[in-house]
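Summary of the model geometry
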Amino acid sequence: MIKLLRANLTRIFKSVTFWIIFSLYILYSVFLPVILHSVFDDQSLAETSTESILALGYGIVGFPVQGVLIAIMCCIIFGLDFQNGTLRNKIIFGHSRSRIYTADFLTISIISLAMNAVYLLAFLMISLPLFGKFTIPPKDIILLIVDGTFMLLAYSATYTFVALVCKNPIVSIIISIALFALGMILITVFADILNEAQYLVVVSDDLIVPDMPSKSLIGFSEFMLDFFPSGQSFQIANNNIFKWQMPLYSLIVIGVTNGAGITIFNKVNIK
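The rules behind these values
Residues numbered from 1 in each chain as written. Predicted model: local features only at pLDDT ≥ 70, side-chain atom pairs only at ≥ 80, totals over all residues. Heavy atoms only, no water. Helix = DSSP H or I, 4+ residues; strand = E, 2+ residues; numbered from the N terminus. Buried < 20%, exposed > 50% of the residue type's maximum accessible area, 1.4 Å probe, protein only. Contact = heavy atoms within 4.5 Å. Areas by Shrake-Rupley, 256 points an atom, 1.4 Å probe, with all protein chains shown as cover. Expected span 1.5 Å × (residues − 1). Arc of directions from axis to C-beta. Patch = residues over 30% accessible without salt bridge, like charges linked within 9 Å, V, L, I, M, F, W, Y side chains within 5 Å. Salt bridge = Lys/Arg side-chain N within 4 Å of Asp/Glu carboxyl O. Phe/Tyr/Trp six-rings, centres within 6.5 Å; stacked < 30°, edge-to-face > 60°. Axes fitted to C-alpha atoms, helices over the stretch in contact; angles between N-to-C directions. Parallel < 35°, antiparallel > 145°, perpendicular 65-115°, else oblique. Left-handed = near helix turned anticlockwise from the far one by under 90°. Nonpolar A, V, L, I, M, F, W, Y, C, P; charged D, E, K, R; others polar.

Before going further, it helps to spend a moment on the overall build of the chain. In terms of helices and strands, the chain carries 13 helices and 0 strands. In sequence order, the secondary structure elements of the chain are arranged as α-α-α-α-α-α-α-α-α-α-α-α-α. Along the first, second and third principal axes, the C-alpha set of the chain runs to 75 × 45 × 30 Å. Split into buried and exposed, the 271 residues of the chain put 45% on the buried side. For the chain, the share of sequence-separated contacts (at least 6 apart) that also reach a separation of at least 24 residues comes to 82%. Here the chain displays about 13,600 Å² of accessible surface, and carbon together with sulfur accounts for 70% of that area.

In C-alpha cells, the structure reads:
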C-alpha cells in the first residue's frame, strides 16, 4: 500500500495538470480575501465576520470550488491510468485491485488535505489580519474546520469512485459535471423549502398557512443538506452553519462510496 501511495504521489507531483489546478487554488486562497476586502465598503466590512471568510475555504456562494478541482484531478489523472496501462502494470506486479483503489482514494485525500492546509495558511497570513478577530467561540471554529475537512474527504471518495468505475476520463468528467449540476439543483430546492418554512410561521391560532411545508418534508430537507457534501458546502459557505453530525455523515459517504467502488472496480475489465 505504501509503495502504491508513494508511486501515485510521485506521478501526480510530476503532472502538469496537478500543478495547474493546485496553482489556481493557491491564487483563489490568496486573492479572494484581498479582493473581498478591497471591494467591500465600510458597512460591509463591519458586517462581515472573520469566520465567514474562513468558511469560503469550503465553498463560495454555495458552489464547492474545491469539489470541482478534486473531481477534475480524479477524472484526468486516474482516468488516464486505464488508457496508458498504469493499472494493468500495477496488477501485473501483484497489487490487488482493492489496494489499488484504496491507494488512489488516499492519494486524492492527501491532495485534498493539502489544499485545505493551503487555504488555512493563507487565511492565517492574509484574511485574519484583514478582517480581524472571530465572533464565534473557538469550539465552533474547530467544528467549522472539521466539517469542511471531512466534506473534502467525502468529495475525494465520490470522485475516486467516478474515475475508477467509468474508466474513460472524458466520460468521468461529463458524469462529474452532471453530478455537480444535479447536486446544486437539489440543494437549492431543499434550501428553498427550509427558507419558506422559516418565513411561513403561524403567529396565531386564527391564521392558516396552507402552503406551509410539512414537518416531514422540512426534516427530510434538513437531512439532505446535512448528509451530502454539496449540502454541507452550501450551509458552511452561505449560512456559516456547522454541525457535529456533518463529519459523521461524511464518514458514511466515504465508507459506502469506497465499499461500492471497490466491489465494482474488482469486476471492471482492465486491458
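Under the 1.5 Å per step criterion, the end-to-end length of helix α13 (residues 245-265) is 30 Å for 21 residues, consistent within 8% with the ideal 30 Å. All of the buried residues along α13 are Met246, Pro247, Tyr249, Ser250, Val253, Ile254, Thr257, Asn258, Gly261 and Phe265. Seen end-on, α13 carries its buried residues on one side only, within an arc spanning 160°.

Below, the discussion takes up a nonpolar patch on the surface. Taken together, the side chains of Val16, Ile20, Leu24, Leu27, Phe31, Ile35 and Val39 present a nonpolar region at the surface, about 680 Å² in accessible area. Mapped onto the elements of the fold, valine 39 is located in helix α2 (residues 16-39). For valine 39, a relative accessible area of 56% translates into the label exposed.

This brings us to helix α1 (residues 2-13). Helix length check: α1, at 12 residues, gives a terminal C-alpha distance of 16 Å against a target of 16 Å (1.5 Å per residue), a fit within 8%. Summarising the contacts, the buried residues of α1 are in contact with α2, α5 (65-78), α7 (86-92) and α8 (97-131).

Take the packing of aromatic side chains next. To describe a pair of aromatic rings, one takes the distance between the centres and the angle between the planes. Under the defined criterion, the tally for this structure stands at 16 aromatic pairs. Aromatic pair tyrosine 155 and tyrosine 159: ring centres 6.2 Å apart, planes at 15°, arrangement stacked. Taken together, the residues span about one helical turn, with tyrosine 155 and tyrosine 159 both in helix α9 (residues 138-166) at a distance of 4 residues. Residue class for tyrosine 155 comes out buried when judged on its relative accessible area of 4%. What makes tyrosine 159 buried here is its relative accessible area of 4%.

Turning our eyes to something else, we now look at the environment of serine 112. For serine 112, the position within the fold is in helix α8. Taking C-alpha positions, serine 112 is 15 Å from proline 247, a pair spaced 135 residues apart along the chain. Ignoring sequence-local partners within four residues, the contact set of serine 112 consists of Ile70, Leu152 and Ser156.

For the pair α2 and α8, interaxial distance at closest approach is 9 Å and the crossing angle is 20°. Relative to α8, the element α2 is oriented roughly parallel. The handedness of the crossing between α2 and α8 is right-handed. Contacts between α2 and α8 involve Phe18, Phe22, Tyr25, Ile26, Tyr28, Ser29, Val30, Pro33, Val34, Leu36 and His37 on the former and, on the latter, Ile111, Ala114, Met115, Val118, Tyr119, Ala122, Ile126, Ser127, Leu130 and Phe131. When its residues are assigned to classes, the contact of α2 with α8 shows 18 nonpolar, 3 polar and no charged.

Proximity of charged atoms lets side chains of opposite charge pair with each other. A complete count under the given rule lists 3 salt bridges for this structure. When the shortest N-O distance is used, the salt bridge between aspartate 104 and lysine 90 registers 3.9 Å. Note that aspartate 104 is positioned in helix α8 and lysine 90 in helix α7, a separation of 14 residues in sequence. In this structure, aspartate 226 and lysine 243 form a salt bridge, with 3.0 Å as the shortest nitrogen-oxygen distance. Within this pair, whereas aspartate 226 is found in helix α11 (residues 215-227), its partner lysine 243 is found in the loop between α12 (229-239) and α13, the two being separated by 17 residues in sequence. Owing to a relative accessible area of 23%, lysine 243 belongs among the partly exposed residues under this scheme.

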